[in-house]
Every structure is written in C-alpha cells, then in structure tokens.
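Structural characterization, general
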Amino acid sequence: MKLSRPVSWFLLAFGVWSWFIWITFVKNLVKDGSGLAFDDGHPTAYFWIHLTLAVVSFVLGTVIGVIGLRGVRALRRTS
C-alpha cells in the first residue's frame with residue numbers, strides 16, 4: 001500500500017504530537033498536588049488509569065508515527 005505525501009506527513013506529525021502531549025501530561029500527573037493522583041503519597045486509581053491511557057497513547061503514537069515515517073521515506077526513494 002502506498003501512502004500519499006500529505007497522509008504520510010500527517011501520520012508522522014501525529015506521532016510526534018502524541019509523544020509531546022502525553023509526556024507533558026505524565027509530568028503534570030506525577031507533580032499533581034490536588035490529591036487526585038496521590039493520596040498520602042500513594043498512587044490512586046485516577047493515577048493508574050491515566051498512566052495506562054498515557055502508555056497506550058505512547059504505543060499508538062509510536063506505531064502511527066513509524067507508519068508515517070516509512071511512508072515519507074518510501075516517497076523520497078521513488079522521487
């Protein structure tokens with residue numbers, strides 16, 4: 001399957017954006033002072049659920065970004 005140039009770049013940008021957003025989110029989650037993420041220094045269900053969401057998003061962002069990168073590289077080889 002061949003991806004178009006705009007689709008390849010979009011997928012690559014989505015992968016990078018996903019990593020940027022979720023790294024920022026995890027940093028904020030770890031520093032949470034409101035009591036949602038930690039209760040007396042122990043992680044809460046809120047923390048574990050959101051950490052799981054972040055890890056899944058890292059994996060999906062990586063997979064989507066790699067597909068976009070492979071599409072961009074394939075287009076450069078053919079042109």
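The following paragraphs examine the structure supplied in this document. Just so it is clear, the model here is predicted, and its values are computed rather than measured. (Residues numbered from 1 in each chain as written. Predicted model: local features only at pLDDT ≥ 70, side-chain atom pairs only at ≥ 80, totals over all residues. Heavy atoms only, no water.)

What about the overall build of the chain?
Summing up its helical and strand segments, the chain has two helices and two strands in all. Written out in order from the N terminus, the α and β elements of the chain read α-β-β-α. At 17 Å, the chain has a C-alpha radius of gyration far larger than the 12 Å of a compact globule built from 79 residues. By residue count, 27% of the 79 residues in the chain fall in the buried class. For the chain, contacts bridging at least 24 residues in sequence account for 66% of all contacts bridging at least 6. (Helix = DSSP H or I, 4+ residues; strand = E, 2+ residues; numbered from the N terminus. Rg over C-alpha atoms; globule rule 2.2 N^0.38 Å. Buried < 20%, exposed > 50% of the residue type's maximum accessible area, 1.4 Å probe, protein only. Contact = heavy atoms within 4.5 Å.)

Points about the packing of aromatic side chains
Tallied over the entire structure, the rule returns five aromatic pairs. Ring centres of W19 and F58 lie 4.5 Å apart, and the angle between their planes is 35°; this geometry places the pair in the tilted category. Of the two residues, W19 sits in helix 1 (residues 5-30) while F58 sits in helix 2 (residues 45-78), which places them 39 residues apart along the sequence. Judged by its relative accessible area of 35%, W19 falls in the partly exposed class. A relative accessible area of 16% means that F58 is categorised as buried. (Phe/Tyr/Trp six-rings, centres within 6.5 Å; stacked < 30°, edge-to-face > 60°.)

Considerations on the environment of D32
Tracing the backbone through its elements, the reader meets D32 in the loop between helix 1 and strand 1 (38-39). Between the C-alpha atom of D32 and that of V16, which follows or precedes it by 16 residues, the distance is 24 Å. A polar atom in the side chain of D32 sits 2.8 Å from the side chain of S34. (Polar contact = N/O pair within 3.5 Å; in protein donor to acceptor, adjacent residues only side chain to side chain.)

With respect to the packing of helix 1 against helix 2
Here helix 1 crosses helix 2 at 155°, and the two axes come no closer than 7 Å. Here helix 1 is positioned roughly antiparallel relative to helix 2, judged by the angle of their axes. Here the hand of the crossing between helix 1 and helix 2 comes out left-handed. Class assignment for the residues of the contact of helix 1 with helix 2 results in 22 nonpolar, ten polar and two charged. (Axes fitted to C-alpha atoms, helices over the stretch in contact; angles between N-to-C directions. Parallel < 35°, antiparallel > 145°, perpendicular 65-115°, else oblique. Left-handed = near helix turned anticlockwise from the far one by under 90°. Nonpolar A, V, L, I, M, F, W, Y, C, P; charged D, E, K, R; others polar.)

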